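Chain by chain, the residues:
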Amino acid sequence: MSRFIAQRLLQAIPVFLVITLITFVLINLTPGGPLARLELDKDIKPADIERIRTNMGLDQPMWKRYLVWLGVVPNSRGEFAGLLEGEMGISYIDQTSVAENILDRLPNTLLLTVSSLLISLLIAIPLGVISAVKRHTLLDNVATVLSTAGVSIPAFWFGLMAILLFSVKLRWLPSGGMYTLGQEQSRWDLLKHLLMPASILSILNVAGWNRYVRSSMLEVLGQDYLRTARAKGLGERLVIVRHALRNALIPVATLIGLSLPSLVGGALVTETIFGWPGMGRLAYHAATKRDYPIIMGVLVISSLMVLLGSLLSDVAYMALDPRIRAD
Amino acid sequence: MRNKCQAILVLTVVALMVLAGCAPKDPQVIEKVVKETVVQKEIVKETVIVEGTPEVKVVTATPEETDGGTFIYCDFSDAENLNPILYNDNASQFSINMMFNGLIQLDPKDASVIPDLAKSWDVSEDEMTITYHLRDDVRWHDGEPFTADDVRFTFQSILNPDINSPRRADFEGLLQPENIVVLDDYTIEFTLDRVDASWLCCKDAYHIIPEHILGELSPEEFNTAAFNTSEPIGTGPYKFVEWVKDDHIKLVANPDYFEGAPKADEFYFKVVENQTVAFAQLQTGEVDITEVTAALWEEAQATEGIDCKAYPEFSFLFYAYNLDTEKTPLFQDVRTRQALLLALDRQAMADSIAFGLADVAQSTVPPLSWAHNPDNGPLYPYDPDKAMELLDEAGWRDEDGDGIREAHGVMAVEDGTPLSFELATNAGNQEREQSIVAMQQFWAQVGVEAIPTAVEWNALLDMLMKTYEYQVVVVGFGWDVDPDQKAMWHTDSYGAGFNLNKYSNPDLDKIIDAALETTDVETRKDLYYQMQAILAEEVPSPIIYFRRATECWNSRLHGYDPNDINRWDNAHMWWVE
């Protein structure tokens, strides 16, 4: 097992480097650039834009800038200050540290996405089990329709409707942000602000999980060992929960590993509607303003998450299912 | 039984699919053009009869001014940089204006220059030396006294090529750093290289930054200083507390402000990226001031507890004919350009696309400006018959019956070329996308084929500023308070400014340059009237309409009066019930 993990980690390094290289090239090739807004301002002369371009190091060739970012080639001040040295640089827009920007937002996003994942699973697993056990009954059909609804209706519409209902009409919940401005930041305040965005986000995901749990359960319910358990005299509920569910959850657990990157990537639409200061908005603004250092920083985090997530999910699968360990 | 269940199921799923495809409602056509409206709450009137006099005295009781309180301003994007000489976006502007002051400011009533940090100023005979007399009672937020050194430092920083100030180009060939001379602690003298009509109103208006904090920094340190994002220190009515990125900026009152301590206690700048949510927050009281999108304007005005104002702006929507024959020969004849403009019902566009919150342009100078010629006749009002006449005259006729005119003896155009072109604008901007569709329809009615194309913003910028590969494009722009329009019409502005279509008229160039070389208002007015007349004839880039901004704020906030010139002149007097 440890050999397997070590092997995978070693493989991950070149994959990661290639990802960074491809992204760097792609974002530099897109039209526009961090100085595009300055170019449109009638008060700014081209000579000034060139001057700022040089000051920011943007006049260097692309390959050189990539190597500087990586930390293999020294920057304009002669220092090695790239990824290999643990530096992610500073934003083109306000010159604040990329690492700081990300560390400020990451906990906010994780709070939102992890809460939403928990809510999704809390709803989806029982729902999926019941749907599978009571297959083709009214309950199953209603659950199917509702989950299809959840996945089809656009998040922003749902979010806006929720705000109009719960905030404007009923005044039960605040309509955005993480804390109420002008007041002490209490846990209770945070929870009130978290409730709507996390719920909206989970509605979208419940459908996916629900279907997955249902089909996984259906597969397990047809197995012979369950018939043996029933023959032994075990009550139906124990059969389902202790034997069927545990086996059915194995693929689900591995799926959770694969959804790790989306936990970090943030839910852009939900964050925008609810004014949640998270990674999704950071990445989106960086992309539209062509803030390359931040884009690369967010990318480093997400690709690490993808690589880690797939590794974890494979390890989990092997750990939970003894049949797989043979390799 | 199963079939019935299944049928209901299918219907429900289909209904949900229809819901899922819901598109936003198309704008309704508003019949009345909304004039500048200020909706204010009724003030309670009391009738008092004073004994012994024949008159009836009417006493109006206004809500009592109270001290303290918090108000929250909301914007659609976060600020970028709180250093007044480094920022370049609108969102940073509001907070900066609450924290900093300039030498002068503009009077919102008529855009005239009034004192701020400078209590008076003298202009020399040759108009090239300006001496400012500064206030001696101003302190920075950290308690240090404000002096002429701060002013010198501010302008020298702007002029420093290693500091990333986007404002530096304003001073090219105008001011040298050694010509900023401190005469004493409260007197400073600027000697310009030439006369500049926009010096007093606009070029000296930059907010002043503290020399005692930033003076020792190298340019690189200046560009990345903590001052810019987490520790700004100014002289203004409010001082900085914190900035949580993408969420809010918090400011508190500066009790030592030189014009008097602010009435309110705290100010928040909040980021709400969605217009519907912003309006919802205005209704719940989670924000106090916000721009309201035109689609929600009617509802906003009808809402209790909210004051609303639609005020004219310097920004406008226009389209440009590419006049570079190497890119397209179609628009060389002025009659073609005039005819195409006559074929557009711009009033209808203002009514339906801008919800009536725009004024059709009768000149390139808006009525908001002192250089606007009040005798400007209506500029090419909608007249498709006249348009067709002019097109015929210019040689565009449809002889092959396909509904599109071709050239028969048109200036610079090969015979047989159809009057068909691409009409581009930036994707994602609803106003502009709707405009190109409307224009296509208007032009189709006079036998002209326009092909609407929505292009991604950065790609469009490339087209407009680098490659010039377009035929007709619709974009927006905005003037400064000073009526100079060199950026769009001058020959030199092609490639270096905002002259998108290579328009060149040497006579107009001379007029524009002359107007910049004097500060005499009457002379300039005369020259700008001439400029308007020439542009009205040549219409190289016709302006469709000037926008009105629509803003609403909670009635409990008093004294706030948004406008496009200067709304912060009384920021310290805004009070909250």
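Residues numbered from 1 in each chain as written. Chains lettered and ligands numbered in written order. Predicted model: local features only at pLDDT ≥ 70, side-chain atom pairs only at ≥ 80, totals over all residues.

## Concerning the overall build of chain B
Tallying secondary structure elements over chain B gives 16 helices and 24 strands in all. A buried classification covers 43% of the 577 residues belonging to chain B. Partitioning the contacts of chain B with sequence separation of at least 6, the portion at a separation of at least 24 is 65%. (Helix = DSSP H or I, 4+ residues; strand = E, 2+ residues; numbered from the N terminus. Buried ≥ 20, exposed ≤ 12 C-beta atoms within 10 Å, placed from the backbone. Contact = placed C-beta atoms within 7 Å.)

## Digging into helix H14 (residues 292-320) of chain A
Residue and element names in this part refer to chain A. With 29 residues, H14 ought to run about 42 Å at 1.5 Å a step, and its terminal C-alpha atoms sit 41 Å apart, in line with that. Burial in H14 covers these residues: Tyr-292, Pro-293, Ile-294, Ile-295, Met-296, Gly-297, Val-298, Ser-302, Val-306, Leu-307 and Gly-309. Residues of H14 that are buried make contact with helix H1 (2-29), helix H4 (62-70), helix H5 (98-133), helix H10 (236-258), helix H11 (260-265) and helix H13 (279-288). (Expected span 1.5 Å × (residues − 1).)

## Examining the domain arrangement of chain A
Residue and element names in this part refer to chain A. By the assigned domains, chain A splits into domain 1 (2-85) and domain 2 (99-320). The centre of domain 1, based on its C-alpha atoms, is set 33 Å off from the matching centre of domain 2. Between domain 1 and domain 2, the contact holds 16 residues from the first and twelve residues from the second. Here the residues of the side of domain 1 that touches domain 2 are counted per class, giving eleven nonpolar, four polar and one charged. (Domains from an automatic or database assignment. Nonpolar A, V, L, I, M, F, W, Y, C, P; charged D, E, K, R; others polar.)

## Details of the interface of chain A and chain B
Each partner contributes to the interface: chain A provides 52 residues, whereas chain B provides 54 residues. Of all the elements in the fold, those that place two or more residues in the side of chain A that touches chain B are helix H2 (36-40), helix H3 (46-55), H5, helix H6 (138-152), helix H7 (155-169), helix H12 (268-273) and H13 of chain A. When residues of the side of chain A that touches chain B are assigned to their parent elements, the largest contribution, six residues, is made by H7(A). Grouping the amino acids of the side of chain A that touches chain B by side-chain chemistry returns 24 nonpolar, 16 polar and twelve charged.

## A word on the packing of H5(A) against H14(A)
All names here are of chain A. At a minimum axis separation of 9 Å, H5 and H14 run at an interaxial angle of 55°. What the angle tells us is that H5 and H14 run oblique. Crossing of H5 against H14: the hand is right-handed. Taking contact as the criterion, the partners of Val-98, Asn-101 and Ile-102 in H5 are, on H14, Pro-293, Ile-294, Gly-297, Val-298 and Ile-301. (Axes fitted to C-alpha atoms, helices over the stretch in contact; angles between N-to-C directions. Parallel < 35°, antiparallel > 145°, perpendicular 65-115°, else oblique. Left-handed = near helix turned anticlockwise from the far one by under 90°.)

## A word on the pairing of strand E20 (residues 449-455) of chain B
Residue and element names in this part refer to chain B. Both strand E19 (residues 420-426) and E20 contribute to a ladder of seven bridges, which runs parallel. Looking across to E20, one finds that Ala-424 is bridged to Thr-453. Handedness of the β-α-β unit built from E19, helix H12 (residues 430-444) and E20 comes out right-handed. (Pairing = 2+ DSSP bridges. Right-handed = clockwise from strand over helix to strand, strands pointing away.)

## Notes on the nonpolar core
Of all hydrophobic cores here, the largest spans 177 residues; its most connected members are B:Met98, B:Ala339, B:Ala343, B:Ala354, B:Trp443, B:Val473 and B:Tyr545. Considering each element in turn, this core owes the most residues, twelve residues, to helix H8 (residues 187-221) of chain A. Look past the residues within four positions of B:Ala354 in its chain and what remains in contact with it is B:Ala294, B:Glu431, B:Tyr545 and B:Arg547. Formed by 20 residues, the second largest nonpolar core is a distinct cluster that contains A:Phe24, A:Met279, A:Ala283 and A:Ala286. (Core = buried A, V, L, I, M, F, W, Y, C linked by C-beta atoms within 7 Å.)

## Structural notes on helix H3 (residues 148-159) of chain B
Residue and element names in this part refer to chain B. Helix length check: H3, at twelve residues, gives a terminal C-alpha distance of 17 Å against a target of 16 Å (1.5 Å per residue), a fit within 8%. Taken together, the buried positions of H3 are occupied by Ala-148, Asp-150, Val-151, Arg-152, Phe-153, Thr-154, Phe-155, Ser-157, Ile-158 and Leu-159. Against strand E8 (129-134), strand E9 (180-184), strand E10 (187-191), helix H5 (211-214) and helix H6 (219-223) lie the buried residues of H3.

## Section: the confidence of the model for chain B
Close reading of the predicted structure is inappropriate where its pLDDT is low. Residue and element names in this part refer to chain B. Summing up the model confidence of chain B, the mean pLDDT is 86 and the portion of residues at 70 or higher is 89%. Low pLDDT, under 50, characterises residues 20-61; the stretch is placed with 44 contacts to residues that sit more than four places away or in other chains. The complex prediction reports pTM at 0.78, with the ipTM value standing at 0.77. (pLDDT = per-residue confidence, 0-100.)

## Here we look at the packing of H1(A) against H4(A)
Residue and element names in this part refer to chain A. The interhelical angle for the contact between H1 and H4, taken along N-to-C directions, is 135°, at an axis separation of 11 Å. When the axis of H1 is compared with that of H4, the two are oblique. Seen along the crossing, H1 lies across H4 with a hand that is right-handed. Facing Leu-21, Phe-24, Val-25 and Asn-28 of H1, the residues of H4 in contact are Met-62, Tyr-66 and Trp-69. A per-class count over the contact of H1 with H4 returns six nonpolar, one polar and no charged.

## Side note on the sheet that holds E8(B)
All names here are of chain B. With antiparallel pairing, the four strands of this open sheet are ordered in space as E7-E8-E10-E9. If you trace the sheet from one side to the other, it starts and ends with strand E7 (118-123) and E9, each paired once. Each strand axis lies, on average, 20° off the axis of its neighbour in the sheet, ignoring direction. Bridging between E7 and E8 involves five bridges; their strand directions are antiparallel. Looking across to E8, one finds that Asp-122 is bridged to Thr-131. Where H3 meets the sheet, it contacts E8, E9 and E10, and its direction lies at approximately 175° from that of E9.

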